[in-house]
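So you can see what is in the structure, the chains are spelled out below.
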Number of protein chains: 4
Amino acid sequence: MTRIAFIGLGHMGLPMARNLLKAGFPLSAHDLVPEAVAQLAGEGARAANDAHDAVQDADVVISMLPASRHVESLYLGDDGLLAYIAPGTLVLECSTIAPDSAKKVHQAAGKLGIDLLDAPVSGGTAGAAAGTLTFMVGGAAEALEKARPVFQAMGKNIFHAGPAGAGQLAKVCNNQLLAVQMIGTAESMALGVANGLDPRVLAEIMRQSSGGNWVLERYNPWPGVMETTPASHDYEGGFMSELMAKDLGLAQETALASGSSTPMGGLALHLYRVLLRQGLGKKDFSVVQSLFGAPEE
Amino acid sequence: MTRIAFIGLGHMGLPMARNLLKAGFPLSAHDLVPEAVAQLAGEGARAANDAHDAVQDADVVISMLPASRHVESLYLGDDGLLAYIAPGTLVLECSTIAPDSAKKVHQAAGKLGIDLLDAPVSGGTAGAAAGTLTFMVGGAAEALEKARPVFQAMGKNIFHAGPAGAGQLAKVCNNQLLAVQMIGTAESMALGVANGLDPRVLAEIMRQSSGGNWVLERYNPWPGVMETTPASHDYEGGFMSELMAKDLGLAQETALASGSSTPMGGLALHLYRVLLRQGLGKKDFSVVQSLFGAPEE
Amino acid sequence: MTRIAFIGLGHMGLPMARNLLKAGFPLSAHDLVPEAVAQLAGEGARAANDAHDAVQDADVVISMLPASRHVESLYLGDDGLLAYIAPGTLVLECSTIAPDSAKKVHQAAGKLGIDLLDAPVSGGTAGAAAGTLTFMVGGAAEALEKARPVFQAMGKNIFHAGPAGAGQLAKVCNNQLLAVQMIGTAESMALGVANGLDPRVLAEIMRQSSGGNWVLERYNPWPGVMETTPASHDYEGGFMSELMAKDLGLAQETALASGSSTPMGGLALHLYRVLLRQGLGKKDFSVVQSLFGAPEE
Amino acid sequence: MTRIAFIGLGHMGLPMARNLLKAGFPLSAHDLVPEAVAQLAGEGARAANDAHDAVQDADVVISMLPASRHVESLYLGDDGLLAYIAPGTLVLECSTIAPDSAKKVHQAAGKLGIDLLDAPVSGGTAGAAAGTLTFMVGGAAEALEKARPVFQAMGKNIFHAGPAGAGQLAKVCNNQLLAVQMIGTAESMALGVANGLDPRVLAEIMRQSSGGNWVLERYNPWPGVMETTPASHDYEGGFMSELMAKDLGLAQETALASGSSTPMGGLALHLYRVLLRQGLGKKDFSVVQSLFGAPEE
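Residues numbered from 1 in each chain as written. Chains lettered and ligands numbered in written order. Predicted model: local features only at pLDDT ≥ 70, side-chain atom pairs only at ≥ 80, totals over all residues. Heavy atoms only, no water.

- Chain A carries the name 3-hydroxyisobutyrate dehydrogenase in an unreviewed UniProt entry, which gives Zestomonas carbonaria as its organism.
- For chain A, the Pathway (unreviewed entry) comment in UniProt is given as "Amino-acid degradation; L-valine degradation."
- You can read under Catalytic activity (unreviewed entry) in the UniProt record for chain A the words "3-hydroxy-2-methylpropanoate + NAD(+) = 2-methyl-3-oxopropanoate + NADH + H(+)". (UniProt positions renumbered as here; feature names shortened; annotations may be inferred.)

Right, dumping it as C-alpha cells:
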C-alpha cells in the first residue's frame, strides 16, 4: 500500500490528510503546530518529529503550505527535504505558489530523479472536507497517472494542465477570472437592486442567461439569495479575501513577467486591497459586495 | 387567432417575425427599409404602408428598434402610435433601451389603457433565427401571461423581471456582467497562453472550475478553441462590439442615475470604446481578445 | 452703477455676493433659506421676496445653484425667470451643471434677446471668500467683456472657453483631471510611505519633478505634509467628496453622449462612489487617501 | 581631479558622460557596443577594454544600464565589479531598477566598504543632453555630499530621498504619478475636443486651474498644442512608451511587495501594455492619446 507523508496541516491540509486516512493510506504527518499533528495522530496517522522524519520510507510526499517562500524553504537548499527523499518518490506539491517558484522546485527535483507535480487545488475548505477538490496538475503525464489514486481520495476533478508549473499557471488564470466575475456579479446585483429589482429574481435571470457563471450558480454575493453561501452568514467561512488578494498578486506577478495586459485582473487586486485595508481580509471574498451596496445598509 | 403587428425588421426583428409567421400568426409588418418588408410579405405577411397602418386591427403590437429615441419617437407625441392603438391591445416593446425611457412609454400606455411590456431579448441573431431567444419582461404579470404564446413562438426562456422597466434593467445588469466576464476571460486566456499553457486545455479547466461562465461554455474568445464561435471566424457574426458598447453605456447611465458604483462595468465600457476607435465596432464583441493578445500576432 | 440680482446664497453664493457688495455693486438677493438672505441684507443687500422680485430692474442676474434641474427649473418654462428678465440683461449662470443643460438655457435666453454666459467656477469656498475664483466662461465674447468687471469682483482668472456650454465643458474636463491626479497622488504617496519614504520628502521630490501637479502644490492629501490642507485637519473643509462625485458624474454623462473613452475618469467616479458609501461624502475630496492608506492607521 | 569610470553609454549614458567630459573630469568608459565607446573616446575619454578595466584607479564609478538584471549581473557575484573596486570608492548607480534590487547591491557594497548611491534620473534624453537631469538619490547623506559635484555636472536638481533604495522608490512613485496624469490629461483633452472645445484653449485653462500638472506645462499629448512636444512630431523622441511600461511594472512590483493598493497605477500599466501590443512601444509615452482620440483621425 502506498505510504504517504503529509506536510502542512492547516485549514486545507488537515481535511485533505483525513480523507487519505479514510481511504486507507498509511500516513505520516508533520506541521509546525503540534496540536494539528496530535489531532491527526488520534485518527490513525503517525506523528512525525519533523519534515525529515515524515518522509522516511514514504512513497508519496504531499505538501500544503501557505506561500512560495515556505515551499522553497521546505524543499530547497543544502538541508532541504529533496535531499532526504529517495529517487523514484512522488512529490505532490499542492500549495498555491508562484509558477516560477514551482518551476524552481521542479527543476531541483528533476536533477535528483524525484517525480514532482505542482498540483494546486480549488474548492475551498468545504471541498477539502468533502473530498471534492479540483486539482490542476503540472508535470509529467506518467507521474500524474501514478498519483491519480491519491488525488482521487481527496478530490473529484483532476486536470493535467501541462508541464512543470502549468498547474500553478492554470490556477492563477482561473482564480483571476473568478475574482473578476465575483466583482462583476456584485456590481450588477447592486446596480439592479438599487434600481428596484428583486435580488432573487435578478440573480436567477442572469444565472440562466449570458451573464451566467459559477458565482451565480453556487456563491451569490448578495445576502439572502442563497441560503448556504457565506453572503447569507455575514460573509463567514468560504475563501478569505486575503487569500484571493494573494492569488491576484500571483496573477499580477505572472503578468509582469510575461508583459501581459490584464486591466480587470489588476483592478480586482487593487479593490481587494482596499477591502483588506478596511479590515475585511478574514471575511469570505464575496464580501466585495459591501463596496457596492448590500441590504444591511 | 391573435393578429400581430411587427415594427422594425432589422437583423433581429426579421427572423423574430418569421418565427411568428411559421407559428401561424397573421402578421402585418413595417420597416423603413422597403426591402425587408417585401421579403417578409413574400413569406406571408401583410406589407403595411406605415406604422399606423400596421397596427390597424392588431391584437398585439411588437416593436424591435435600435435605441431609446426611436422607441420614444414611434410611440409618444401627438401623432405617436399609442394614439392609434385600441385600449386592450398588448404592446411588446422588445428593443434594448434605457430603463427610464421604457418607463416613460409604459406610463403613456397605461394612461390609455394599453397593456405594455418591456421585453428586451438576449441570444443574438442566432437565437432570433432559431427561436431560442431569452425575453426579460417588465410590466404586469397578467399581461405577460397573455403574451406568453407570442413570446414562446420566438424564444425559449421568458422571465418576469418585475414591474415597468424591469425587463430593461435586468438586461442592462446581465449584459454588463457578460461584458465583464468576456473581458476577464480574454485576459486570463491571454495570460495563460503567454506563459505556455495550451489554450484548449486552459479553457476546459476554467470552464469546469470556479472560473466557469457562459463565455467559456459557448463563446470562447480565443480563436480555435471552439469551432463555431465568432473568434474562430475572424470575429465575424455574433454580437457586435458597438452594440455591447451601447449596452454598457445604458448600464453607466443607470448607474449614474442611482449613484451606483460599478468600477468593472465602467472599465468595460471604456475598453470597448478603445476597440471602437480602432475600427472594430462591427466585429463580434469577443474581439476584445485582440487588446490582450491572440494567436494571429 | 450696474445693478445685480443674485440668486442662490449657499456655501459658494453667499461669499461671492458679499464680494460684489464690497465692490460697491447695488445688489438684490434671493435664496430659499431666509436666514441666508437676512444675513446678506444685514450687509447692505436688498432682500427680495422671490426670484422674480430679485431680477426687477437688474442689469445683471447671477445664479449659483446646486444642479442642472434647479437651473432649468429657475429659468425655463412658462413661469421661468427668463420670461421676467428684460432683453439686453446679462445673465451669469455660475452653477456647475451638465453642458447640455447649459446649452438648453442658452438657447432659451438667446430667443428672448438675453445675453447669457455659463460661467462655472473653481477655487472652492476659500476662493469664493477671498475673491480669487477662476471663471470658465461659455458664450459670446462681447457678453464676457461686459461681464468682466463683475467677474473681477469675485475672481482672479477669467477664461473664455468658447461658445454656449463651453464653460461647463471646460470645468468638467478640468475637474475630471483634478480627481484623477488627486487619486494618483494619493496612491503614490501611500506606495512610497509603505516602503519607507518620508511623506514630506516624497511630496517635495514629486512636486519638483515630472509628477508635479496642483494637488502637490496646494492640496497634498497626506496628513501633515501641508499645514493648511484639509488632509491636516481630518479632511474637513475644502471641496466635498460628494461634489467631486457629482462633477465626475457630469464628465461621464458627457463622455457617454460623445462616445468618448475615459477609463481613468470612470474609475475615479466609481472610487468616489465607494467613498460615499462609506459615509465620507461630506469630507474633503482628498479623503480618497484613506482608501490607500494614511498615517492614522 | 576626481577620476570617473562610466559604464553604459546608451541613449542616456552617452550624453551624461559627455557632460562629465565637458566639466573636465578624466573619464574611462565602457559599453558592450564598441561604437559608443569609440565615439566618446573621440571626445576625450579613455576607452576601457571591459568594465573591470574601466574601474581601474577610478574615484567614482557611474553605471547607467537598462534593468535590474544587468545591474545585479554587473556588480554582484564572484566576478562582479564590486570585487574589483577599492574600498572608499564612490559608486553612483543611475539605472532605473527595482528598489529591492538596489538594496541588494547597496548591501553588497556596504560589506566591502564601498559607498554606493542609487541615483535614478528623470528628465529624459533632452535633460541628459542639456545637463538638466533630476537625480533622486538613496544612500548615506555624506556620500551624496561627496558626489554632488559629479551630479551637478549632469543635472540640475539633486534630491536626497532617504536611505538605500529610496532613490529608486521615489522615482517609481513619481513616474507612476506621471503616467497617471499623462493618461488623465489625454482623456480630458479628448473629451473636451470631442465636445467642441479648442484644444489650445482647453489646455491653457486646465494648466492654470486645479487640473494643472507637469504634462500640461511641458508635454501636452495633443498634437499641435505645443510646438516642441513629441505629440507635435508624430510622437517621436521623448520617453518611450516601453520605458514607461517598465517603470509602471516596477511600481506594481513594489506595490505587490508592500500590499499597497494602486488602482490608477495598475490601470496605467495595463493601458500601456495595450499600446505596446499595438506596436507603439518605441513612440513617446504621450502616444497614449491615440487610445482616446487625436486629431489625425
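Digging into the overall build of chain A
- Tallying secondary structure elements over chain A gives 13 helices and 9 strands in all.
- Over its C-alpha atoms, taken along the principal directions, chain A stretches across nearly 65 × 45 × 35 Å.
- Counting all 297 residues of chain A, 63% fall into the buried class.
- A separation threshold of at least 6 residues defines the contact pool for chain A, and within that pool the share at least 24 residues apart is 62%.
- Working note: accessible area of chain A is about 10,400 Å², and carbon and sulfur atoms make up 53% of it.
- Looking at chain A, you have 20 positive and 29 negative side-chain charges, and the mean spots of the two groups are 2 Å apart. (Helix = DSSP H or I, 4+ residues; strand = E, 2+ residues; numbered from the N terminus. Buried < 20%, exposed > 50% of the residue type's maximum accessible area, 1.4 Å probe, protein only. Contact = heavy atoms within 4.5 Å. Areas by Shrake-Rupley, 256 points an atom, 1.4 Å probe, with all protein chains shown as cover. Lys, Arg positive; Asp, Glu negative; His and termini not counted. Charge placed at Lys NZ, Arg CZ, Asp CG, Glu CD.)

Description of the interface of chain B and chain C
- Across the contact, 16 residues belong to chain B and 16 residues belong to chain C.
- Both sides together, the interface formed by chain B and chain C hides about 1,300 Å², and carbon and sulfur atoms give 62% of it.
- Looking at the side of chain B facing chain C, the largest losses of area belong to B:L256, B:H270 and B:R273, adding up to 47% of the total buried there.
- Our count for the chain B to chain C interface comes out at 0 salt bridges.
- Our enumeration of links across chain B and chain C arrives at 6 residue pairs in polar contact (both at pLDDT 80 or more).
- Elements with a minimum of two residues in the side of chain B that touches chain C: α11 (241–258) and α12 (263–277) of chain B.
- Class assignment of the residues belonging to the side of chain B that touches chain C gives a composition of 5 nonpolar, 8 polar and 3 charged. (Buried area = accessible area lost by both parts, 1.4 Å probe. Salt bridge = Lys/Arg side-chain N within 4 Å of Asp/Glu carboxyl O. Polar contact = N/O pair within 3.5 Å; in protein donor to acceptor, adjacent residues only side chain to side chain. Nonpolar A, V, L, I, M, F, W, Y, C, P; charged D, E, K, R; others polar.)

Concerning the pairing of strand β1 (residues 4–7) of chain A
Residue and element names in this part refer to chain A.
- Residues of β1 alternate between two faces, with I4 and F6 on one and A5 and I7 on the opposite face, all of them buried.
- With 4 bridges connecting them, β1 and strand β4 (residues 60–63) associate as parallel partners. Looking at the pairing, A5 lines up with V61 of β4.
- Crossover β1 to strand β2 (residues 27–30) through helix α1 (residues 13–22) is right-handed. (Pairing = 2+ DSSP bridges. Right-handed = clockwise from strand over helix to strand, strands pointing away.)

Considering the nonpolar core
- Counting 218 residues, the largest nonpolar core has A:Y272, B:Y272, C:Y272 and D:Y272 as its most contacted members.
- In contact with B:Y272, other than residues within four places in its own chain, are B:A179, B:M182, B:I183, B:S241, B:M244, B:A245, B:L248, B:F285 and B:V288. (Core = buried A, V, L, I, M, F, W, Y, C linked by side-chain atoms within 4.5 Å.)

Comments concerning the interface of chain B and chain A
- Listed per partner, the contact involves 56 residues of chain B and 56 residues of chain A.
- For the pairing of chain B and chain A, the buried interface totals around 4,600 Å² over both sides, and the portion due to carbon and sulfur atoms is 66%.
- Per-residue buried area on chain B facing chain A is highest for B:L191, B:S210 and B:M264; these three make up 15% of the total on that side.
- At the junction of chain B and chain A, the tally comes to 22 residue pairs in polar contact (both at pLDDT 80 or more).
- Where the side of chain B that touches chain A is concerned, the elements lending two or more residues are β8 (133–138), β9 (155–162), α8 (166–194), α9 (199–207), α10 (214–218), α11 and α12 of chain B.
- Among the elements that make up the side of chain B that touches chain A, the one with the highest residue count is α8(B) (21 residues).
- The residue inventory of the side of chain B that touches chain A, partitioned by class, reads 30 nonpolar, 25 polar and 1 charged.

Quick look at the relation of the copies chain B and chain C
- Mapping chain B onto chain C is achieved by rotating through 180° and translating by 0.0 Å along the same axis, at an RMSD of 0.0 Å. Such a combination of rotation and displacement between the chain copies is what one expects of a two-fold axis. Looking at the rotation axis and the C-alpha trace of chain B, the residue lying nearest is B:G266, at 2.9 Å.
- Counting the interface residues of chain B, we find that 100% of their copies in chain C are interface residues as well, pointing to one common contact surface. (Least-squares fit on C-alpha atoms with pLDDT ≥ 70 in both.)

Some details on the relation of the copies chain B and chain A
- Aligned on chain A, chain B shows an RMSD of 0.0 Å; the corresponding rotation is 180° and the shift along the axis is 0.0 Å.
- In this assembly, 100% of the residues forming the interface of chain B have copies in chain A that are likewise at the interface, indicating an isologous arrangement.

A word on the domain arrangement of chain A
Residue and element names in this part refer to chain A.
- Considered domain by domain, chain A is made up of domain 1 (4–162) and domain 2 (169–292).
- Using C-alpha coordinates to define each centre, domain 1 is positioned 28 Å away from domain 2.
- The interface of domain 1 with domain 2 comprises 11 residues on the first partner and 11 residues on the second.
- Both faces combined, the contact of domain 1 with domain 2 buries some 880 Å², and carbon together with sulfur accounts for 66% of it. (Domains from an automatic or database assignment.)

Describing α12(B)
All names here are of chain B.
- Across its 15 residues, α12 extends 21 Å between first and last C-alpha, which sits within 8% of the 21 Å expected from 1.5 Å per residue.
- For α12, the buried fraction is high: 13 of the 15 residues fall into the buried class.
- Looking one or two residues past α12, G279 carries a phi angle of roughly 80°, positive in sign. (Expected span 1.5 Å × (residues − 1).)

Section: the UniProt feature "active site" (unreviewed entry) in chain A
Residues and elements named next belong to chain A.
- Those places that UniProt annotates as "active site" (unreviewed entry) correspond, in this numbering, to K171.
- Here K171 shows up in helix α8 (residues 166–194).
- K171 sits in the buried class, given a relative accessible area of 7%.
- In contact with K171, not counting residues within four places along its chain, are T96, P120, V121, M136 and D247.

Considering the packing of aromatic side chains
- In total, this model carries 16 aromatic pairs over all chains according to the counting rule given.
- Ring geometry for D:Y219 versus D:F285: centroids 5.4 Å apart, planes at 40°, classification tilted. With D:Y219 in the loop between α10 (214–218) and α11 (241–258) and D:F285 in the loop between α12 (263–277) and α13 (289–292), the pair connects residues that are 66 residues apart, well separated along the chain.
- What links up through ring pairs into an aromatic cluster is the set A:W214, A:Y219, A:F239 and A:F285. (Phe/Tyr/Trp six-rings, centres within 6.5 Å; stacked < 30°, edge-to-face > 60°.)

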